[in-house]
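Descriptive structure summary
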Amino acid sequence: MAEIVFDRVTKRYDDGQLAVNALELTIADGEFLVLVGPSGCGKSTALRMIAGLEEISDGELLIDGVIANDLAPRDRNIAMVFQSYALYPHLTVAENIAFGLKVRGTDKAEIDRKVAETAQLLELGDYLARKPGKLSGGQRQRVAMGRALVRSPKAYLMDEPLSNLDARLRGQMRAEIARLQKMTGVTTIYVTHDQVEAMTMGDRVAVMNKGVLQQLAEPRKLYDAPANLFVAGFIGSPPMNMLAGQIGTSGGSPALLLGELTIPLDAPALAARPALTDHQGKPVIAGIRPEAFQVAPDEPSAPGRICGTVAFVEDLGASLLVHVDLDAGAVVASGIEDESGDEMTSARTRLRAVLDGTLGIKGGARIGLTVEPARIHVFDAATELAITH
Ligand SMILES: Nc1ncnc2c1ncn2[C@@H]1O[C@H](COP(=O)(O)OP(=O)(O)OP(=O)(O)O)[C@@H](O)[C@H]1O
Ligand SMILES: [Mg+2]
C-alpha cells in the first residue's frame with residue numbers, strides 16, 4: 001500500500017505537447033481516487049508516470065515518501081490496467097491471469113487458488129482454457145482486470161477498465177471494484193469519462209482539463225459546489241444550464257439579470273454568498289442544474305418565473321428531460337452547445353429541465369418554471385471562478 005504524491009509534476013512530450021502541467025496531488029494510502037476530464041486532458045499520461053512508463057519532465061513523484069522519478073517500472077510494484085489491454089495471444093485466459101504471479105515465482109497451488117478466485121469474481125470461469133483471440137472485447141477487458149487483481153501490488157492504476165463492457169456488467173464490476181478496493185485497502189487511481197463511475201466509486205474525484213487540475217473534492221462536494229465554470233459544466237448529466245448576464249437590481253433588490261430574464265436574489269441566496277452583492281454590475285454566468293427547476297404554480301406574473309414553450313421531451317422513465325425554449329431572450333454562455341453543435345447565442349434560449357416522470361409534459365406545451373435562487377451557481381465571467389461566499 002502506498003501514498004502517492006505529485007509534487008508539481010509536469011509532462012512535456014518530445015513534440016512539445018504539454019500533457020500534464022504542474023500537477024499537485026496527494027493520493028492518500030488506501031484511497032480510491034477517480035481522475036476525470038475530457039479526452040486529451042492528460043489522465044493517461046498522469047497514470048503512466050506513476051507506473052514509470054512515461055518520463056517526468058519536471059517536478060517530483062513520490063511513492064511512500066521516496067522520489068520515484070527514476071525508479072524502473074518493475075521496481076514500483078504497481079499494477080496497471082490499460083485503456084487498450086494487451087493480453088498474451090498465445091496464452092490461455094488462466095495463463096494470462098497467472099502470468100505476473102508466475103514471473104514472481106509464486107508456488108503453483110497459490111497461483112491456482114488466486115486464478116480461480118479472480119476468475120469467479122470476473123465471471124471468467126467458463127473461459128479459463130480459451131485464448132484471447134476467441135473472446136469478446138468485454139471478456140478480454142475482464143482478463144486484463146484479472147491480471148492486475150491477482151497480484152498484491154502497492155497500488156492499482158486503472159485506465160477506463162470498464163469501457164468495453166455492456167451496461168449490466170459495467171454496473172456489476174463498478175460495485176465489485178469499489179468493494180474489493182475497500183476490502184483490500186490498496187491505493188487505487190481510476191481514470192474514467194463516466195460520470196456515474198466518477199460519482200459513485202471515488203473517495204475523492206480529481207477533475208482535469210488541458211493538463212491542469214481543476215478541482216479535487218469528494219463527489220458530492222464537486223457536484224454541489226463546483227469551483228469553476230469548467231467543473232460545473234463537466235460534472236453532471238444532463239449538464240448544468242449556463243446563462244450569461246450580470247448582477248443588478250430589480251425593484252431595488254439584488255437580482256440576476258440574464259438577458260431579458262430577471263431572477264430576484266432572495267435573502268437565503270444572498271446570506272450564503274454576500275460576495276454576490278460586491279459583484280453588482282459585473283458580468284457573471286449563472287448555472288442552473290436541470291433538476292433544480294420546478295414547475296411553477298399558476299400565477300403568470302410571479303417574479304423569477306421562467307416561461308417558455310416545450311420544444312421536446314425525452315422520457316427517461318422516472319423523470320422527464322424537458323427542453324424548453326424561453327420566451328425571454330437570454331444568452332447561453334459559451335462552451336455549451338445545442339444539439340446541432342452550434343454555440344447558442346441567439347435570442348431563442350433553450351434550457352434543459354429534469355422534471356417528475358408523472359407530469360406528462362408534451363412538446364408544444366406552455367410551461368412555467370421556478371428555481372430557488374440559493375440553488376443557482378454564480379460564476380465571475382472574467383475569472384470563471386464560482387462566487388462561493
Ligand atoms: N506519446 C505522445 N507524444 C506526444 N503527445 C502525446 C503522447 N501521448 C499523449 N500525447 C498528448 O498528450 C495529451 C494528453 O494525452 P493523454 O493520453 O494523457 O490524455 P487522456 O486524458 O488520457 O485522454 P483520453 O481520455 O482520450 O484517453 C494529449 O494532447 C495527447 O495528444
Ligand atoms: Mg487516456
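Residues numbered from 1 in each chain as written. Chains lettered and ligands numbered in written order. Predicted model: local features only at pLDDT ≥ 70, side-chain atom pairs only at ≥ 80, totals over all residues. Heavy atoms only, no water.

1. Points about the overall build of the chain
Regarding its fold elements, the chain presents ten helices and 21 strands. Its C-alpha atoms put the chain at 80 × 45 × 40 Å along the principal axes. Split into buried and exposed, the 389 residues of the chain put 49% on the buried side. When contacts within the chain are restricted to residue pairs at least 6 apart in sequence, long-range pairs at least 24 apart make up 67% of them. With the model as given, the accessible surface of the chain reaches about 17900 Å², and the carbon-plus-sulfur share is 51%. Side-chain charges in the chain split into 39 positive and 49 negative, and the spacing between the mean points of these groups amounts to 6 Å. (Helix = DSSP H or I, 4+ residues; strand = E, 2+ residues; numbered from the N terminus. Buried < 20%, exposed > 50% of the residue type's maximum accessible area, 1.4 Å probe, protein only. Contact = heavy atoms within 4.5 Å. Areas by Shrake-Rupley, 256 points an atom, 1.4 Å probe, with all protein chains shown as cover. Lys, Arg positive; Asp, Glu negative; His and termini not counted. Charge placed at Lys NZ, Arg CZ, Asp CG, Glu CD.)

2. A few points about the pattern of salt bridges
Counting across every chain of the model gives 14 salt bridges. Linking Arg113 and Glu110 is a salt bridge whose minimum nitrogen-to-oxygen distance equals 3.4 Å. Within this pair, Arg113 and its partner Glu110 are both found in helix 3 (residues 108–121), separated by three residues, close to a single helical turn. Accessibility expressed as a relative area gives 26% for Glu110, which makes it partly exposed. Arg179 is the partner of Glu176 in a salt bridge, and the nearest nitrogen-oxygen pair spans 2.9 Å. Here Glu176 pairs with Arg179, and both are found in helix 5 (residues 167–184), just three residues apart, close to one helical turn. For Glu176, a relative accessible area of 21% puts it in the partly exposed group. Through salt bridges with shared partners, a single ionic network connects Glu110, Arg113 and Glu117. (Salt bridge = Lys/Arg side-chain N within 4 Å of Asp/Glu carboxyl O.)

3. Re helix 1 (residues 43–51)
The element helix 1 is extensively covered by neighbouring structure, given that seven of its nine residues are classed as buried. Listed as buried for helix 1 are Lys43, Thr45, Ala46, Leu47, Met49, Ile50 and Ala51. Positive phi shows up at Gly52, right after helix 1, with a value of about 85 degrees.

4. Observations regarding helix 2 (residues 93–103)
Three or more residues of helix 2 are buried, namely Val93, Asn96, Ile97, Ala98, Gly100 and Leu101. In this structure, the buried side of helix 2 is in contact with helix 3 and helix 4 (137–149). Of the residues one or two after helix 2, Gly105 is the one with positive phi, at around 75 degrees.

5. Considering a nonpolar patch on the surface
On the surface, Tyr88, Phe99 and Val103 cluster together into a nonpolar patch covering about 260 Å² of accessible area. Relative to the elements of secondary structure, Val103 occurs in helix 2. Here Val103 falls in the exposed class, since its relative accessible area comes to 59%. (Patch = residues over 30% accessible without salt bridge, like charges linked within 9 Å, V, L, I, M, F, W, Y side chains within 5 Å.)

6. Points about the pairing of strand 1 (residues 4–12)
Here strand 1 pairs with strand 4 (residues 58–63) via five bridges, running antiparallel. The partner of Ile4 across the bridge, within strand 4, is Ile63. Here six bridges tie strand 1 to strand 2 (residues 18–27), and the two strands are oriented antiparallel to one another. Residue pairing across strands places Arg12 opposite Leu18, the latter belonging to strand 2. Count of turn residues in the strand 1/strand 2 antiparallel hairpin: five residues, of which Gly16 carries a positive phi of about 95 degrees. (Pairing = 2+ DSSP bridges.)

7. A look at a negative patch on the surface
Among the surface-exposed residues, Asp14, Asp15, Glu55 and Asp70 lie close enough to one another that they form a single negatively charged patch. One can find Asp15 in the loop between strand 1 and strand 2.

8. Digging into the site of ligand 1
Of all residues adjacent to ligand 1, which total 14 residues, the nearest are Ser39, Gly40, Lys43, Ser44 and Thr45. Between Cys41 and ligand 1, the recorded distance is 3.2 Å, taken from a backbone N or O atom to an oxygen atom. Measuring from an oxygen atom of ligand 1, one finds a backbone N or O atom of Gly42 at 3.0 Å. For ligand 1, the accessible surface in isolation is 640 Å², of which the surrounding protein chains cover 67%. Its residues placed into classes, the shell around ligand 1 shows four nonpolar, eight polar and two charged. (Near = heavy atom within 4 Å. Polar contact = N/O pair within 3.5 Å; in protein donor to acceptor, adjacent residues only side chain to side chain. Nonpolar A, V, L, I, M, F, W, Y, C, P; charged D, E, K, R; others polar.)

9. Focus on the domain arrangement of the chain
On domain assignment, one finds that the chain holds domain 1 (4–233) and domain 2 (238–380). Here the C-alpha centre of domain 2 lies 38 Å away from the C-alpha centre of domain 1. Across the boundary between the two partners, domain 1 contributes eight residues, which contact eight residues of domain 2. Counting the surface lost from both domain 1 and domain 2, the interface buries some 680 Å², and carbon and sulfur atoms represent 63% of this. Together, Tyr223, Leu229 and Ala232 form the three largest contributors to the area buried by domain 1 at its contact with domain 2, with a combined 68%. (Domains from an automatic or database assignment. Buried area = accessible area lost by both parts, 1.4 Å probe.)

10. Details of the packing of helix 2 against helix 3
Direction vectors running N to C along helix 2 and helix 3 enclose 130 degrees, while the axes themselves pass 10 Å from each other. In terms of their interaxial angle, helix 2 and helix 3 are classed as oblique. Crossing hand, helix 2 versus helix 3: right-handed. Residues Ala94, Ile97, Ala98, Leu101 and Lys102 of helix 2 pack against Ile111, Lys114, Val115 and Thr118 of helix 3. Considered class by class, the residues forming the contact of helix 2 with helix 3 number six nonpolar, one polar and two charged. (Axes fitted to C-alpha atoms, helices over the stretch in contact; angles between N-to-C directions. Parallel < 35°, antiparallel > 145°, perpendicular 65-115°, else oblique. Left-handed = near helix turned anticlockwise from the far one by under 90°.)

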